[in-house]
Amino acid sequence: MDMEKVNSMDFGEFVDVFGNVVERCPLIAAAVWSQRPFSNSEDLEKHFFAFIDALPQSGQEGILRCHPDLAGRELQQGTLTAESRREQRGAGLMSLDAAERLRLAELNAQYRARFGFPFVLAARLSDRAAVPGELARRLQRPPAEELCTALGEVKKIGRLRLADLLGAAGLAGP
Ligand SMILES: NC(=O)N[C@H]1NC(=O)NC1=O
């Protein structure tokens, strides 16, 4: 998809296409649409990220809370978004054994109890062997630092989702 096509989208089409660049936060795409035209994919991405950065802490935590747990209940119930399912499957999180699932569920619960939002990690840049260790490591971090790290992961997920949507054509900028 090229930028000319993106810039010509009406509001509804844009939100349909980009509404899940940030998991279950179509409001962000709705706000970004107002800022078109975009010169290239980096410019488009910049607007998504700037919206996240400009939110008060409660809004940033709200974005994190829109994410499903890794290997959590929604994966079991089949209610993940298509993007999240693909990411979690790619990382091998759909084929955990019972002990691995339990370990992750315990760590996810501890993380949520400590920080008040779910553990977020760009699953496509990780795998089932690395996730529990990374979760245990981040569980020890100070809350303010952890909020920044988690938002950084939201951006990594968003960058990969945008690249999927735009393909190579969208990446070519002036
Ligand atoms: N909790 C969490 O990190 N969820 C996600 N990560 C990812 O790559 N896709 C998700 O839905």
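Calculation rules
- Residues numbered from 1 in each chain as written.
- Predicted model: local features only at pLDDT ≥ 70, side-chain atom pairs only at ≥ 80, totals over all residues.
- Heavy atoms only, no water.
- Helix = DSSP H or I, 4+ residues; strand = E, 2+ residues; numbered from the N terminus.
- Buried < 20%, exposed > 50% of the residue type's maximum accessible area, 1.4 Å probe, protein only.
- Arc of directions from axis to C-beta.
- Phe/Tyr/Trp six-rings, centres within 6.5 Å; stacked < 30°, edge-to-face > 60°.
- Salt bridge = Lys/Arg side-chain N within 4 Å of Asp/Glu carboxyl O.
- Domains from an automatic or database assignment.
- Contact = heavy atoms within 4.5 Å.
- Buried area = accessible area lost by both parts, 1.4 Å probe.
- Polar contact = N/O pair within 3.5 Å; in protein donor to acceptor, adjacent residues only side chain to side chain.

## Overview of unusual backbone geometry
1) Next: A cis amide bond links arginine 36 to the next residue, proline 37, at an omega of 5°.
2) Next: On the secondary structure map, proline 37 appears in the loop between α3 (26-33) and α4 (41-54).
3) Next: With a phi angle near 55°, arginine 24 is a residue other than glycine that sits in the positive phi range.
4) Next: Relative to the assigned elements, arginine 24 resides in the loop between α2 (11-18) and α3.
5) Next: Despite not being glycine, alanine 71 has its phi angle at roughly 55°, a positive value.
6) Next: Looking at the element boundaries, alanine 71 is found in the loop between α5 (57-65) and α6 (73-77).
7) Next: On the accessibility criterion, alanine 71 (8% relative accessible area) is buried.

## Quick word on helix α7 (residues 82-90)
1) Next: Within α7, burial applies to Ser84, Glu87 and Gln88. Looking down the long axis of α7, one finds its buried residues gathered within 95° of arc, a one-sided arrangement.
2) Next: Of the residues one or two after α7, glycine 92 is the one with positive phi, at around 85°.

## Description of the packing of aromatic side chains
We describe a pair of aromatic rings using the distance from one ring centre to the other and the angle between the two ring planes.
1) Next: Overall, the coordinates contain seven aromatic pairs when judged by the stated rule.
2) Next: Plain terms: the ring middles of phenylalanine 11 and tryptophan 33 are 5.4 Å apart, the flat faces sit at 75° to each other, and that makes the pair edge-to-face. In this pair, phenylalanine 11 is assigned in helix α2 and tryptophan 33 in helix α3, connecting sequence segments 22 residues apart.
3) Next: A relative accessible area of 19% means that tryptophan 33 is categorised as buried.

## Topic: the pattern of salt bridges
1) Next: Taken as a whole, this structure holds 17 salt bridges when the rule is applied.
2) Next: Across the salt bridge formed by glutamate 13 and lysine 5, the nearest N and O atoms sit 2.8 Å from each other.
3) Next: Ionic pairing is found between aspartate 53 and lysine 155, a salt bridge with its closest N-O pair at 2.6 Å. On the criterion of sequence distance, the pair formed by aspartate 53 in helix α4 and lysine 155 in helix α10 (residues 143-171) is long-range, its members being 102 residues apart.
4) Next: Overall, aspartate 53 belongs to the partly exposed group, its relative accessible area being 46%.
5) Next: Within the structure, one salt-bridge network assembled from shared partners comprises Arg138, Arg141, Glu145 and Glu146.

## Some details on the domain arrangement of the protein chain
1) Next: Each assigned domain of the protein chain is listed here: domain 1 (3-62 + 161-168) and domain 2 (69-160).
2) Next: Domain 1 and domain 2 are separated by 23 Å when their C-alpha centres are compared.
3) Next: Listed as interface residues are 16 residues of domain 1 and, on the opposing side, 18 residues of domain 2.
4) Next: For the pair domain 1 and domain 2, the two sides together bury roughly 1,500 Å², of which 50% comes from carbon and sulfur.
5) Next: The largest contributions to the domain 1 side of the interface with domain 2 come from Arg24, Phe49 and Arg161, which together make up 38% of the buried area.
6) Next: The interface formed by domain 1 and domain 2 contains 19 residue pairs in polar contact (both at pLDDT 80 or more).
7) Next: Those elements that place two or more of their residues in the side of domain 1 that touches domain 2 are α4, α5 and α10.

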